[in-house]
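Chain by chain, the residues:
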Amino acid sequence: MNELELQLVELGRELDVPAAPDLAPRVVERVEGRRPFPWRPLAVALAVVVVAVAIAFAVPPARGAILRFFHLGGASVVRVETLPPAVERSQADGLGEPLTRDAAERRVAFKLVLPSTASRVYVLGDSLASVVVRAYGRTVLVSEFPGRGEFLEKLVAGRTDVERLQVDGQPALWLEGAPHVLQYFDRHRGFREEPILIRGNVLLWVQGPVTLRLEGKLTKAQALELAHRLD
Amino acid sequence: MVDRPLDETELVEQARRGDLAAWETIVRAYQGIAFRTAYLLGGSAADAEEAVQDGFVKAYRALGRFRRGAPLKPWLLRIVANEAKNRRRAAGRRDALAVRVAAEDRPGDAVPSPEAALLAGESRRRLLEAVERLSDEHRDAIACRYFLELSEDETAAALGVRRGTVKSRLSRALERLRDELGEMP
């Protein structure tokens, strides 16, 4: 540094700057009061269809020991000792491309059973379609993806409950409790998204050739009722 | 076995997963430099406080977009600096900075003669006044690089410009200051 630069550094050290207040409690309070909207990461995650056991085992260092494995349609739920690092992103980053229903069906190459009340269908990659609807006063994200294959993998740790259910006689899984992690894969099993942290409760169920996923702040009874209405 | 303190990368990863205690640790580690940045760019303690709060809240919500392994400080400072500059624009003005009254009595310094102290104080005031007359772009570059003692890369990140832009702004700002102060380059 030349003389003038050194003088500027010296000047900076002598500026009358008020002492910084401790803002950490207020920051935490604000973040706590408005936790990331549970549907947003989900929406991103919409795109997430679960992956298979083989993939689950393919990256063991990231998730610790695999304790239990559930498979349902195109999704897998893996109980692990510890969750891997996962991101939380805004809905806008992860829903995919907004399309008309017809265009979305052409893109994913299967008939959509998602609620027709939604004006737009978001499509991520080539296999995950999602809509955002309101139900029971809540925002709910409903996604649909092929029932055969390996599209979505959910990783859950100890504090997330996984319960086997049925929706109109078809197998279903209910995930409730602590946040879990979701990862989406495309038809070619390429990683499409980083692991995403999901905070809402989730119902996964099979309906004919597709698997559906519903996420939101709903009770189990509300989620089952909504799933029944979609059938 | 003794618990080792979490490093920054681990804290960020925990915060990404919703661990607010980890984020609180990060806020405490950086709120000092963040407040100083907001104050120097915005010029008001009240606005700086708001800018830092809003900045850390926004940063938490944007953690998903933070590139793993990247340095956290410049990323945080950029968010806080934006908040501070937005407030400055909204207010249409910025309070002038001031030199501490007790600047001549810094501990550890040899006691200067009254005349030397007077001259040094006057020199600092002239320099600060010259900095205050710079354009916002040049002044911000000076504030980040010299007052906050950020590196050129950190300055670039905090101001959201390229390193080359920082270098050229600093070069022009220094030239302007020399002209104002009647110094030789």
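Keep in mind that this is a model prediction, so the values were computed, not measured.

Participant: Teacher, can you tell me more about the overall build of chain A here?
Facilitator: For chain A, the count of helices and strands is seven helices and 13 strands. A burial count over chain A gives 57% of its 231 residues as buried. Of the contacts formed within chain A by residues at least 6 apart in sequence, a portion of 63% connects residues at least 24 apart. Carbon and sulfur atoms make up 51% of the accessible area of chain A, which amounts to about 9,800 Å² in all.

Participant: Sorry, what's going on with the overall build of chain B here?
Facilitator: Counting secondary structure elements, chain B contains eight helices and zero strands. By residue count, 48% of the 185 residues in chain B fall in the buried class. Within chain B, residue pairs in contact and separated by at least 24 positions form 66% of the contacts whose partners lie at least 6 positions apart. Carbon and sulfur atoms form 50% of the exposed surface of chain B, whose accessible area is close to 9,500 Å².

Participant: How should I be thinking about the sheet that holds strand β5 (residues 128–135) of chain A in this particular structure?
Facilitator: Backbone hydrogen bonds are what pair the strands of a sheet, in a parallel or an antiparallel way. Residues and elements named next belong to chain A. Strand order in the open sheet formed by eight strands is β3-β4-β5-β6-β13-β12-β9-β8, with antiparallel pairing between adjacent strands. Of all the strands in the sheet, the pair left with one neighbour each is β3 (97–99) and β8 (160–167). Across the sheet, the axes of successive neighbouring strands diverge by a mean angle of 25°, strand direction being ignored. In the packing of helix α7 (residues 220–230) onto the sheet, contacts are made with β5, β6 (138–146), β8, β9 (170–177), β12 (201–207) and β13 (210–216), and the angle to β8 comes to roughly 35°.

Participant: What exactly am I supposed to notice about the environment of N86 of chain B here?
Facilitator: Residue and element names in this part refer to chain B. Along the polypeptide, N86 turns up in helix α4 (residues 72–91). On the accessibility criterion, N86 (39% relative accessible area) is partly exposed. Residues N86 and A51, 35 residues apart in the sequence, show an inter-C-alpha distance of 8.9 Å. A polar contact is formed between the side chain of N86 and the side chain of R89, at a distance of 2.6 Å.

Participant: I would appreciate a short explanation of the packing of helix α2 (residues 20–42) of chain B against helix α3 (residues 45–61) of chain B in the present structure.
Facilitator: Helix packing for two helices is described by the angle between their axes and how far apart those axes are. All names here are of chain B. Contact geometry for α2 and α3: axes closest at 9 Å, N-to-C directions at 145°. Crossing of α2 against α3: the hand is right-handed. Across the interface between the two elements, L20, W23, V27, Y30, Q31, A34, F35, A38 and Y39 from α2 touch A45, A48, E49, A51, V52, F56, A59 and Y60 from α3. Looking at the contact of α2 with α3 residue by residue, the classes come out as 15 nonpolar, one polar and one charged.

Participant: Please clarify how helix α6 (residues 101–108) of chain A should be interpreted in this entry.
Facilitator: Because an α-helix packs 3.6 residues into every turn, residues spaced three or four apart end up facing the same way. All names here are of chain A. Within the span of α6, buried status applies to A103, A104 and V108. For α6, the angular spread of buried residues about the axis comes to 125°, placing them on one side. Across α6 from its buried face, at more than 90 degrees, point the exposed residues D102 and R106. Tucked into the core, α6 has its buried residues touching β3, β4 (121–124) and β5. Directly beyond the C-terminal end of α6, a positive phi value near 65° is found at A109.

Participant: Would you explain the nonpolar core in this entry?
Facilitator: Nonpolar side chains in soluble globular proteins tend to end up buried together. Formed by 68 residues in total, the largest nonpolar core has its most connected members in L8 of chain A together with W23, I142 and F147 of chain B. If you tally residues by element for this core, the top one is α2 of chain B, at 12 residues. Apart from residues lying up to four places away in sequence, I142 of chain B is in contact with L8 of chain A together with V131, L134, F147, L170, A173, L174 and L177 of chain B. Counting residues in each nonpolar core, the second largest holds 30 residues, with V142, V210, L226 and A227 of chain A among its members.

Participant: I'm lost on the pairing of β13 of chain A in this one. Help?
Facilitator: Remark: a regular strand shows side chains that alternate across the two faces of the sheet. Residues and elements named next belong to chain A. Most of β13 sits out of view: seven of its seven residues are buried. Residue alternation in β13 divides its side chains into two sets, V210, L212, L214 and G216 and T211, R213 and E215, and both sets are buried. Note that β6 and β13 share six bridges and pair antiparallel. Within the sheet, the bridge partner assigned to S143 lies in β13 and is R213. Here β12 pairs with β13 via seven bridges, running antiparallel. Looking at β13, one finds that Q207 is bridged to V210. Turn length for the β12-β13 hairpin, with the two strands adjacent in sequence and antiparallel, is two residues, and the turn residue G208 shows positive phi of about 60°.

What counts and what doesn't
- The numbers attached to residues start from 1 for each chain and follow its sequence in the written order.
- Chains and ligands are labelled by the order in which they are written, letters from A for the one and numbers from 1 for the other.
- Residue-level local features of this predicted model are given only where pLDDT is at least 70; pairs of side-chain atoms are given and counted only at 80 or more, and the full residue set underlies all totals for whole chains, interfaces and linings.
- Calculated side-chain values reflect all of the structure's heavy atoms, with hydrogen atoms and water omitted.
- Each helix is a run of DSSP H or I of at least 4 residues and each strand a run of E of at least 2, with the numbering of both proceeding from the N terminus.
- Throughout this description, buried means an accessible area under 20% of the type-specific maximum (1.4 Å probe, protein chains only), exposed means over 50%, and partly exposed covers the range between.
- Only heavy atoms enter the contact rule, under which two residues are in contact if any of them lie within 4.5 Å.
- Each accessible area value is a Shrake-Rupley result obtained with a 1.4 Å probe; residue values ignore everything except the protein chains displayed when judging cover.
- Pairing between two strands requires that DSSP report at least two bridges joining them.
- Axes here mean lines fitted to C-alpha atoms, for a helix over just the part in contact, with angles spanning 0 to 180 degrees between N-to-C directions.
- Two N or O atoms form a polar contact when they lie within 3.5 Å of each other; inside protein one atom must be a possible hydrogen donor and the other a possible acceptor, and for residues adjacent in sequence the pair counts only when both atoms belong to side chains.
- Rotating anticlockwise by less than a right angle from the far helix to the near helix defines a left-handed crossing, while the corresponding clockwise rotation defines a right-handed one.
- Gly is put with the polar residues, along with every residue not named as nonpolar or charged; the nonpolar set is Ala, Val, Leu, Ile, Met, Phe, Trp, Tyr, Cys and Pro, and the charged set is Asp, Glu, Lys and Arg.
- This arc corresponds to the set of directions leading from the helix axis out to the C-beta atoms.
- Only buried Ala, Val, Leu, Ile, Met, Phe, Trp, Tyr and Cys residues count toward a nonpolar core, and they belong to the same one when joined by side-chain atoms within 4.5 Å.

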